[in-house]
Amino acid sequence: AQKITQTQPGMFVQEKEAVTLDCTYDTSDQSYGLFWYKQPSSGEMIFLIYQGSYDEQNATEGRYSLNFQKARKSANLVISASQLGDSAMYFCAMRGLGSNYKLTFGKGTLLTVNP
Amino acid sequence: EAQVTQNPRYLITVTGKKLTVTCSQNMNHEYMSWYRQDPGLGLRQIYYSMNVEVTDKGDVPEGYKVSRKEKRNFPLILESPSPNQTSLYFCASSLHVGAEPQHFGDGTRLSIL
């Protein structure tokens, strides 16, 4: 079974500062992918970043980076230079890449960026 | 424009009245999936499909049916809806299983009275 845990229901950050959103996971799959999505108050789901379990380097996409620690089973999202538009719900998700192709989401973290 | 289209966007109905939420994608994607989103629970996968005529259960399949007769369409069927199926539903697709992110529809808000 797959499980994603996001322990921070809510986070606050000052504009222009960096923030880390935590995500830990559990899976029996040897090969898997980790995703982060953003859901603004308007409701749409926006893909941010992907990390494969065999990728040797941490993924980066603009101001987003993924701090992947395989031994600790963590895949934290780091947002640098926060902007007011970053205020949203953030979801960590995992999909097995072997025989199980379910996509499992965490419960989310609500990020508020203060001016 | 590449998109995933869900209909209806909003529906209020009554217990036991069969309903179908349609989902269509125009990107020739193989993988399609349905999720429900409830406050405090995140998104939970209902069913997914690897390709035409290939479907499998997600984490919360009870009370739902799906079919994948054509590559572009993946309808979600509630044969006998109940109030605990009141939720926000998302359809999503990706080209393959793997690193490709899911493209999400705009969501369907269902209220079952």
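Relevant structure appears above.
Summarised in this report is the structure supplied together with it.

What counts and how
- Residues numbered from 1 in each chain as written.
- Chains lettered and ligands numbered in written order.
- Predicted model: local features only at pLDDT ≥ 70, side-chain atom pairs only at ≥ 80, totals over all residues.
- Heavy atoms only, no water.
- Core = buried A, V, L, I, M, F, W, Y, C linked by side-chain atoms within 4.5 Å.
- Buried < 20%, exposed > 50% of the residue type's maximum accessible area, 1.4 Å probe, protein only.
- Helix = DSSP H or I, 4+ residues; strand = E, 2+ residues; numbered from the N terminus.
- Contact = heavy atoms within 4.5 Å.
- Patch = residues over 30% accessible without salt bridge, like charges linked within 9 Å, V, L, I, M, F, W, Y side chains within 5 Å.
- Areas by Shrake-Rupley, 256 points an atom, 1.4 Å probe, with all protein chains shown as cover.
- Salt bridge = Lys/Arg side-chain N within 4 Å of Asp/Glu carboxyl O.
- Pairing = 2+ DSSP bridges.

W36, L77, Y90 and L111 of chain A are the most contacted members of the largest nonpolar core, which has 25 residues in total. Here this core takes 4 residues from strand β10 (residues 88–96) of chain A, the largest share from any one element. Beyond its immediate stretch of four places on either side in the chain, L77 of chain A contacts V19, T20, L21, W36, L48, I49, Y64, S65 and Y90 of chain A. The next biggest cluster of nonpolar side chains, apart from the first, holds 19 residues, and it includes V21, M27, M32 and L78 of chain B.

A cluster of nonpolar residues, I12, V14 and L113 of chain B, forms a patch on the protein surface that exposes about 330 Å² of accessible area. Looking at the element boundaries, V14 of chain B is found in the loop between β2 (10–13) and β3 (19–25).

Residues and elements named next belong to chain B. In spatial order, the strands read β1-β3-β8-β7; together these 4 strands make up an open sheet with antiparallel pairing. Lying at the two open borders of the sheet, with one neighbouring strand each, are β1 (4–7) and β7 (65–66). Alignment of β1 against β3, held across 4 bridges, turns out to be antiparallel. Looking across to β3, one finds that N7 is bridged to T22.

Okay, the environment of E61 of chain A next. Residue and element names in this part refer to chain A. Here E61 shows up in strand β7 (residues 60–61). By relative accessible area, which is 46% here, E61 ends up partly exposed. In the structure, E61 is positioned 13 residues away from L48 in sequence and 7.5 Å away in space, judged by C-alpha atoms. Beyond its immediate stretch of four places on either side in the chain, E61 contacts L48 and I49.

Successive residues of a regular strand alternate their side chains across the two faces of the sheet. All names here are of chain A. Among the 6 residues of strand β9 (residues 74–79), 5 are classified as buried, and the element is accordingly described as predominantly covered. Here 3 bridges tie strand β3 (residues 19–21) to β9, and the two strands are oriented antiparallel to one another. Bridge assignment links L21 to a residue of β9, and that residue is L77. Pairing analysis gives 6 bridges linking strand β8 (residues 64–69) to β9, with the strands arranged antiparallel.

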